[in-house]
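A closer look at the structure
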Amino acid sequence: MGYRTIAIDFDVGLRNLDLVMGCERRVVYDLINVIRGEATLRQAAIKDKRLENLYILPASQTRDKDALTRPGVEAVIDGLKKAGFEYIICDSPAGIEHGALMAMYYADHAFVVTNAEVSSVRDSDRILGLLDAKTHRAEMGMEPVKTHLLLTRYAPARVAKGEMLGHKDVIDLLGIDFIGAIPESHMVLQSSNAGVPVILDQQNDAAQAYLDVIHRFLGQDRPQRFLEAPKKGFFQRMFGGGNSQPIAAVG
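I will try to describe carefully the structure that is included in this document. (Residues numbered from 1 in each chain as written. Predicted model: local features only at pLDDT ≥ 70, side-chain atom pairs only at ≥ 80, totals over all residues. Heavy atoms only, no water.)

Taken in spatial order, the three strands of this open sheet run β5-β6-β7, and their pairing is parallel. Each edge of the sheet is formed by a strand with only one pairing partner; in this case those strands are β5 (109–115) and β7 (177–183). With strand direction ignored, the average angle separating the axes of adjacent strands in the sheet is 25°. As paired strands, β5 and strand β6 (residues 146–154) are joined by seven bridges and run parallel to one another. Looking at the pairing, Phe 111 lines up with His 148 of β6. On top of the sheet, helix α6 (residues 118–133) reaches β5 and β6; it is set at about 165° to β5, its chief contact. Contacting β5, β6 and β7, helix α11 (residues 205–217) crosses the sheet at an angle of about 165° to β7. (Pairing = 2+ DSSP bridges. Helix = DSSP H or I, 4+ residues; strand = E, 2+ residues; numbered from the N terminus. Axes fitted to C-alpha atoms, helices over the stretch in contact; angles between N-to-C directions. Contact = heavy atoms within 4.5 Å.)

Here's what the structure looks like:
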């Protein structure tokens, strides 16, 4: 959207953000190098070749997760603010291990990403408890981290069959603001394997859903989409499978 933005990979030891963004061959220094004073932010930050204002700060593949420290993370974030970055995305690893706790500690906003299944929702509920109690804002008695519920791999047809929780069920269980659902799409895997963010191909549903989410986050009004299974037309109902019925075409 034109904002000066950097995404930091906090998954120390299992680095993958650089792969998804297609810049793995350009990694020289990483987040831990910066924290330990072995490199500057300017040396470690990788500028995206497609978007003028996007940068990536990769994680380390060889260091232990304990190399992430609160003072080190704070210094990195302060340095990025001073460098003029308007949005700093802390890409958290899954679960509640050290990297995830460090990613959320200095957050102002948190996208709680979950699938519409009971186990994933329960894990997300645990994350919400940590966001309420184990962040800088919580410890300093400040306004709490603003949480946003983001559903991924959502399949309305499976919801209709009772094979997946509906978005309203997940909202009721977690009780936080719903910012959108990303539909199940083969394009996500295809884009990840190609090192091209799916959002850059705005013809597919997943990209459009992500764009809707960003517009809502930036304060724009966007109707919720991709929450209902598309209705089948007349010919889809006739030829779309299921129990066959003989039809005579009489001319």
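After that view of the structure, there is still more to cover.
Phi is positive for Arg 153, close to 55°, though the residue is something other than glycine. Phi is positive for Phe 226, which is not a glycine, with a value near 65°. Among the structural elements, Phe 226 can be located in the loop between α11 and α12 (234–239).

Within this structure, the stated rule accounts for 10 salt bridges. A salt bridge links Arg 50 to Asp 48; its shortest N-O distance comes to 2.7 Å. You can call Arg 50 partly exposed: its relative accessible area is 36%. Of the charged contacts, one joins Asp 212 and Arg 222 as a salt bridge, the two residues approaching to 3.0 Å between their closest N and O atoms. Highlighted residues: Asp 212 in helix α11 and Arg 222 in the loop between α11 and α12, separated in sequence by 10 residues. Overlapping salt bridges bring together Asp 212, Arg 222 and Arg 225 as one network. (Salt bridge = Lys/Arg side-chain N within 4 Å of Asp/Glu carboxyl O. Buried < 20%, exposed > 50% of the residue type's maximum accessible area, 1.4 Å probe, protein only.)

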